[in-house]
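If you want the building blocks of each chain, they are given just below.
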Amino acid sequence: MIEVRNLTKKYGSKAVVDNVSLKIAKGGITSFIGPNGAGKSTLLGMISRLIPRDAGEIYIDGQEISKVKSKDLAKKISVLKQENHINVRLTVRELVSFGRFPYSQGRLNDEDWKFVDEAIDYMDLREFEHRFLDQLSGGQRQRAFVAMVICQNTDYILLDEPLNNLDMKHSVQIMHVLRRMVNELGKTIILVVHDINFASCHSDSIVALKDGKLIRHGSVSQIIETSALREIYDMDIPIEVINGNRIGVYFS
Amino acid sequence: MQAKPNKEGHATLKQTALGSTGFVSEQPRQNYHVSPQVLWAKLLSLFLLAALCIGLYMTIGVTDWGFALPRRGIKVVAMLLVCFSIAYSTVIFQTVTNNRILTPSIIGFDSVYLLIQTLIIFLFGSMTLIQMSKQTQFVMNVGCMVLFAVLLYSWLFKREGRNLYFLILIGMIFGTFFGSLTTFMQMVMDPNEFTVLQDRMFSSINNVSSDLINISAVLVILTTLYSLRFFKFLDPISLGRDQAINLGIDHSRVVNRCMVVIAIFVSVSTALVGPITFFGLLAANLSYEFMRTYRHSFLVPAATLISIIAIAGGQLLVERVFTFSTSISVIVNFVGGLYFLFLLLKGAKA
């Protein structure tokens, strides 16, 4: 379980994350939604220790993350940012093999390479494994990064807007992969999504943020609902149920 | 299709997550784009070429072996130290700052060294210094350099939203600023003290400060041993700060230690042969181009060997072909400067 207590981050005098407390149960997909500037990515960044916090506590499986060695934490929690610009020219396989670093410290043994093989195959990247990242399309590159995270084999996986810049087909593909990782590998996945309908169709629970504050946390039917969405987005969004999925019609 | 998680919590999968029917061939898969065998072969050929250059440099045109060998020997030892220091510090620097254009000397590390040296003589006078041995002084300079460089540059690189072109600009300005400050102090200095300073400052490959070779060698070896403790972190750090932290690396601690190592290496090379601004850039980038790998255990030796080839080969040319009518740092800076422009223009297009 991930537990966040009174977490705050300020830039200057403005609190971008303001006294947020939150519990995320093990297993399942949790989506962070909210308008631009709500503090979703900052919250995710602090939980994954990429962004230093100003106040508050973060516990992963009962341990405060600042008290755990970074190396050990890297075996428990992994994070993927929305922009992954890498200066070095790497093939897909080389990138994925970095996921074993917390275990191998750079000296990969046969077992590590087996993990690499499986992660690549799991993401259906075998035919691209010797291609350089800059020779791939956006969707393929995103899959390569997800494969690296799979290879890191952590219980918790944090993704910052993994659907950014992906077309519909690849977005759905990534969400299906995440669902399978939850069901088959028992992962806990937390992601930031912009499109409420992706959050609605693929999440187990949704966390809504606005102006740095946590305003709602609940199941899909509690959040994807006109009055809750009005509170989050200041917008009236009618909800239709289509094939059992709650879809917000916000285009007009 | 059902996965069975084993002890490690990792499942054996029979089908891919995207639902394709999977794969048949089970021949061994090549792990790296350039295989280790090829990398070793490349290193070996560089090593042979470097050994050839040094061998020629030591032996060409010798008439009196007893006279020539020790003299050239000292130059060669200095060259080796300088080449290793510059190559290693440049590669580390480019890795921790995630760029392939900036080098410690382009953003003014070596002018900081010269400034510190001048400042010490300016403030305390040459008399105190004359009583001190050159070695003690050198160690003192290195100490100041480490302190100063770490403070200044860790501040510079830890600011948020660091932009490469902003850093080039700041670095150039710092370099020029420290350079002018140095010249200014030399102008107002007592001429006698300036003579003392001049003796220490204007070393070049033809005029190596031989008193410093022993202490430099010790310093380089100790620093290298120290750096081995975090050498393995360099590969993941080249993926960028966020990925490095994700992979469990204490990023800021490693970067700070790298800055210490860089400051020491720059001090050594500047003290021995003076500043050669674009040399590190050339050596590091040629080694990336030639090795085509991201692995530092191959990049650092390759960059060192390439710089030895460049310096020993170049020095051979300067001494035998141009008969000392030009100096190697002029040639290196000319070629390196052109290459720097090329990298900037190429980077701007991408």
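Residues numbered from 1 in each chain as written. Chains lettered and ligands numbered in written order. Predicted model: local features only at pLDDT ≥ 70, side-chain atom pairs only at ≥ 80, totals over all residues. Heavy atoms only, no water.

Taken together, the contact between chain A and chain B spans 50 residues of the former and 42 residues of the latter. Summing both partners gives a buried area of about 4200 Å² for chain A against chain B, and 54% of it is carried by carbon and sulfur. At the boundary of chain A and chain B, one finds one salt bridge. Of the charged contacts, one joins Asp242(B) and Lys81(A) as a salt bridge, the two residues approaching to 3.6 Å between their closest N and O atoms. The tally of links from chain A across to chain B stands at seven residue pairs in polar contact (both at pLDDT 80 or more). Residue assignment for the side of chain A that touches chain B shows that the elements contributing at least two residues are helix H2 (70-73), strand E6 (77-80), helix H3 (92-98), helix H4 (101-104), helix H5 (110-122), helix H6 (138-152) and helix H7 (168-185) of chain A. (Contact = heavy atoms within 4.5 Å. Buried area = accessible area lost by both parts, 1.4 Å probe. Salt bridge = Lys/Arg side-chain N within 4 Å of Asp/Glu carboxyl O. Polar contact = N/O pair within 3.5 Å; in protein donor to acceptor, adjacent residues only side chain to side chain. Helix = DSSP H or I, 4+ residues; strand = E, 2+ residues; numbered from the N terminus.)

A few words now on the state of the cysteines. Residue and element names in this part refer to chain B. A complete count under the given rule lists zero disulfides over all chains for this structure. In this model Cys 53 remains outside any disulfide bridge; the closest cysteine sulfur is found in Cys 83, 11 Å from its own. The exposure class of Cys 53 is buried, given its relative accessible area of 12%. (Disulfide = S-S within 2.5 Å. Buried < 20%, exposed > 50% of the residue type's maximum accessible area, 1.4 Å probe, protein only.)

Another point: the packing of aromatic side chains. In this structure the tally under the stated criterion is 15 aromatic pairs over all chains. Seen from their ring centres, Phe98(A) and Tyr294(B) are 5.3 Å apart, and the 50° between their planes marks the pair as tilted. With Phe98(A) in helix H3 and Tyr294(B) in the loop between helix H11 (279-291) and helix H12 (296-321), this pair bridges two chains. We classify Phe98(A) as buried; its relative accessible area is 5%. The class of Tyr294(B) is buried, set by a relative accessible area of 6%. Ring geometry for Tyr88(B) versus Phe265(B): centroids 5.4 Å apart, planes at 45°, classification tilted. (Phe/Tyr/Trp six-rings, centres within 6.5 Å; stacked < 30°, edge-to-face > 60°.)

A few words on the environment of Glu184(A). Residue and element names in this part refer to chain A. Assignment of secondary structure puts Glu 184 in helix H7. When its relative accessible area of 11% is taken as the criterion, Glu 184 is described as buried. Sequence spacing of Glu 184 and Lys 26 is 158 residues, and the spatial spacing of their C-alpha atoms is 14 Å. Side chain to side chain, Glu 184 and Tyr 122 meet in a polar contact 3.2 Å long.

On to the nonpolar core. Within the largest apolar cluster, 163 residues are counted, with the highest numbers of intra-cluster contacts made by Ile33(A), Leu90(A), Leu178(A), Met181(A), Ile189(A), Phe109(B) and Leu272(B). Beyond its immediate sequence surroundings of up to four residues, Ile189(A) is in contact with Gly28(A), Ile29(A), Thr30(A), Ile157(A), Leu159(A), Leu178(A), Met181(A) and Val182(A). Ile24(A), Phe32(A), Tyr156(A) and Val207(A) belong to the second-largest nonpolar core, a separate cluster that totals 29 residues. (Core = buried A, V, L, I, M, F, W, Y, C linked by side-chain atoms within 4.5 Å.)

To continue, consider the sheet that holds strand E3 (residues 28-33) of chain A. Residues and elements named next belong to chain A. Strands sit in the order E6-E7-E8-E3-E9-E10 across an open sheet of six strands; the sheet is mixed. Edge strands, defined here as strands with exactly one partner in the open sheet, are E6 and strand E10 (213-218). Between one strand and the next, the sheet's axes are offset by a mean angle of 15°, whatever the strand orientation. Note that E3 and strand E8 (residues 188-192) share five bridges and pair parallel. Each bridged residue has a counterpart across the sheet, and for Ser 31 the counterpart in E8 is Leu 191. (Pairing = 2+ DSSP bridges. Axes fitted to C-alpha atoms, helices over the stretch in contact; angles between N-to-C directions.)

Right, let's talk about a positive patch on the surface for a bit. Taken together, the side chains of Lys69(A), Lys71(A), Lys75(A), Arg107(A) and Lys232(B) make up a positively charged region of the molecular surface. Checked against the element boundaries, Lys69(A) lands in the loop between strand E5 (63-64) and H2. Judged by its relative accessible area of 60%, Lys69(A) is exposed. (Patch = residues over 30% accessible without salt bridge, like charges linked within 9 Å, V, L, I, M, F, W, Y side chains within 5 Å. Areas by Shrake-Rupley, 256 points an atom, 1.4 Å probe, with all protein chains shown as cover. Lys, Arg positive; Asp, Glu negative; His and termini not counted. Charge placed at Lys NZ, Arg CZ, Asp CG, Glu CD.)

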